[in-house]
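These are the residues of each chain, in order.
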Amino acid sequence: MMAEAFILINVSAGKVIDVLKAIGGIDGVSEVLVVSGPYDLIARIKADDFNTIANLVLDRIQAIDGVIATITCNVVKHEEG
């Protein structure tokens, strides 16, 4: 089963478009949106497992110039039993 997460991203003033483009070019990122509210961007990531998602966030997204902070929200599949 594929793992999926939404990454909430705070970006430095004036860097939103640069960060948007950089994140959009990362393998595994299926969508990046500019949003209003307490976060500047939301990225949707799909990978083989949650460890791969964590490494992608730590090694690729947080390393982008202009990224201030991230919050990873893992998608949990609810199954009625």
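All of these numbers come straight from a predicted model, not from anything done at the bench.

Which parts of the structure should I look at to understand the pattern of salt bridges?
Side-chain pairing between opposite charges can occur once the charged atoms of the two side chains come close. Under the definition given, this model contains four salt bridges. For the salt bridge of Lys77 with Glu4, the shortest nitrogen-to-oxygen distance reads 3.8 Å. On the criterion of sequence distance, the pair formed by Lys77 in the segment after β4 (67-74) and Glu4 in strand β1 (residues 3-11) is long-range, its members being 73 residues apart. Classification of Lys77 by relative accessible area gives partly exposed; the value is 44%. When the shortest N-O distance is used, the salt bridge between Lys15 and Asp65 registers 2.8 Å. Here the residue Lys15 occupies a position in the loop between β1 and α1 (16-24), and Asp65 occupies one in the loop between α2 (50-61) and β4, the gap between them amounting to 50 residues. Given a relative accessible area of 26%, Lys15 falls into the partly exposed group. When salt bridges that share partners are traced, they join Glu4, Glu31, Arg44 and Lys77 into one network.

I keep staring at the nonpolar core and nothing clicks. Help me out?
Side chains of nonpolar character tend, in soluble globular proteins, to be buried together. Membership of the largest hydrophobic core comes to 20 residues, with the highest contact counts inside it found for Ile9, Ile23, Val29, Ile45 and Ile61. Counting residues per element, this core draws most heavily on β1, which supplies five residues. Discounting residues that sit within four places of it in the chain, Ile23 has contacts with Ile9, Val29, Val32, Leu41, Ala43, Ile61 and Ile64.

Teacher, can you tell me more about the UniProt feature "domain: Transcription regulator AsnC/Lrp ligand binding" (unreviewed entry) in the chain here?
UniProt records the feature "domain: Transcription regulator AsnC/Lrp ligand binding" (unreviewed entry) for residues 7-75 in the present numbering. As annotated, residues 7-75 has a helix share of 30% and a strand share of 38%, and its two end C-alpha atoms lie 11 Å apart.

It is not clear to me how α2 should be interpreted in this structure. Could you clarify?
Those residues of α2 that sit buried are Ile53, Leu56, Val57 and Ile61. Mapping the buried residues of α2 onto a view down its axis gives an arc of 95°, with all of them on the same face. Opposite the buried face of α2, by more than 90 degrees, sit the exposed residues Asn51, Leu58 and Asp59. Considering only its buried residues, α2 is in contact with β1, α1, β2 (29-34), β3 (41-47) and β4. The opening residue of α2 is Asp49, an N-cap whose side-chain oxygen sits 3.2 Å from the backbone nitrogen of Asn51.

Criteria and cut-off values
Residues numbered from 1 in each chain as written. Predicted model: local features only at pLDDT ≥ 70, side-chain atom pairs only at ≥ 80, totals over all residues. Heavy atoms only, no water. Salt bridge = Lys/Arg side-chain N within 4 Å of Asp/Glu carboxyl O. Helix = DSSP H or I, 4+ residues; strand = E, 2+ residues; numbered from the N terminus. Buried < 20%, exposed > 50% of the residue type's maximum accessible area, 1.4 Å probe, protein only. Core = buried A, V, L, I, M, F, W, Y, C linked by side-chain atoms within 4.5 Å. Contact = heavy atoms within 4.5 Å. UniProt positions renumbered as here; feature names shortened; annotations may be inferred. Arc of directions from axis to C-beta. Polar contact = N/O pair within 3.5 Å; in protein donor to acceptor, adjacent residues only side chain to side chain.

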